[in-house]
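# A structural walkthrough
In case you want the letters, here they are:
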Amino acid sequence: MKITELVESFARPVVEEHGCKLWDVEYVREGSDYFLRLYIDKDGGVDITDCETISRAVDPILDEKDPISESYHFEVCSAGLERALKRPGDFEQFMNSPITIKLYRPRNGLKEVPGILRGYEDGRVTAECGKETITFEKSEVALVRLRVEF
């Protein structure tokens, strides 16, 4: 089992106990440091108190279960307004929302394409981009995130 899956399995119930949803678990290397991040969400938005409370509740469980052998930094963060969509359920939840699709290679000169999410199937993302509807193959898409419009 991957570190992120293991951490998710014991962190999710704790996060939900505190009235939040676990959006994502990330374990990444940045420079010479490793970071374990829990991204949380709740109706009405997450504040610093939510992050602090969940951090204090999950930290002793991390110490006990010890899922990571090297040293790392543990952070609890808000999923944010411009969160990445990763799982099919994320796309389903935010269907017809403004998104930005980041591509591995430029398409029509653009590596970032703004649009409205219109479909998702087997990794293919369909978006209304201006006057046309475009389906991006899974192999083209580096990242899809929500886009906030003011």
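To start, this report covers the structure provided alongside it.

## Structural notes on the sheet that holds strand 7 (residues 132–136)
Reading across the sheet, the 5 strands line up as 7-6-5-4-8 and stay open at both edges, with antiparallel pairing between neighbours. Of all strands in the sheet, those bounded by a partner on one side alone are strand 7 and strand 8 (141–146). Shown here is a sheet whose adjacent strand axes are inclined to one another by a mean of 40°, direction ignored. As defined by bridge partners, strand 6 (residues 124–129) adjoins strand 7 across 5 bridges and the pair is classed as antiparallel. Each bridged residue has a counterpart across the sheet, and for Glu128 the counterpart in strand 7 is Thr133.

## Quick notes on helix 1 (residues 3–17)
The end-to-end C-alpha separation of helix 1 is 22 Å, in line with the 21 Å expected for 15 residues at 1.5 Å each. Along helix 1, the sharpest kink reaches roughly 35°, centred on Ala11 and followed within four residues by the proline Pro13. Where helix 1 is concerned, the buried positions are Thr4, Val7, Phe10, Ala11, Val14 and Val15. Among the residues trailing helix 1, Gly19 stands out with phi positive, at a value near 80°.

## Here's the deal with the packing of helix 1 against helix 2 (residues 48–65)
Running from N to C, helix 1 and helix 2 point in directions that differ by 145°, and their axes come no closer than 10 Å. As helix 1 runs across helix 2, the sense of the crossing is right-handed. For the pair helix 1 and helix 2, contact is made by Val7, Phe10, Ala11, Val14 and Val15 and by Ile54, Ala57, Val58, Ile61, Leu62 and Lys65, respectively. The class makeup of the residues in the contact of helix 1 with helix 2 is 10 nonpolar, no polar and 1 charged.

## Structural notes on the packing of aromatic side chains
Applying the stated rule across the entire model yields 3 aromatic pairs. The interplanar angle of 70° and the centroid separation of 6.1 Å between the aromatic rings of Trp23 and Phe94 together place this pair among those described as edge-to-face. One end of the pair, Trp23, is in strand 1 (residues 21–30); the other, Phe94, is in the loop between helix 3 (88–93) and strand 4 (98–107), and 71 residues separate them in sequence. Exposure class is identical for Trp23 and Phe94. Each is buried. With a centroid separation of 5.6 Å and an interplanar angle of 15°, the aromatic rings of Tyr27 and Tyr34 are classed as stacked. Lying across the ring of Trp23, Arg87 places its NZ or CZ 5.6 Å from the centre.

About the cut-offs
Residues numbered from 1 in each chain as written. Predicted model: local features only at pLDDT ≥ 70, side-chain atom pairs only at ≥ 80, totals over all residues. Heavy atoms only, no water. Pairing = 2+ DSSP bridges. Helix = DSSP H or I, 4+ residues; strand = E, 2+ residues; numbered from the N terminus. Axes fitted to C-alpha atoms, helices over the stretch in contact; angles between N-to-C directions. Expected span 1.5 Å × (residues − 1). Bend = angle between axes of the 7 residues up to and from the residue. Buried < 20%, exposed > 50% of the residue type's maximum accessible area, 1.4 Å probe, protein only. Left-handed = near helix turned anticlockwise from the far one by under 90°. Contact = heavy atoms within 4.5 Å. Nonpolar A, V, L, I, M, F, W, Y, C, P; charged D, E, K, R; others polar. Phe/Tyr/Trp six-rings, centres within 6.5 Å; stacked < 30°, edge-to-face > 60°. Lys NZ or Arg CZ within 6 Å of the ring centre and 35° of its normal.

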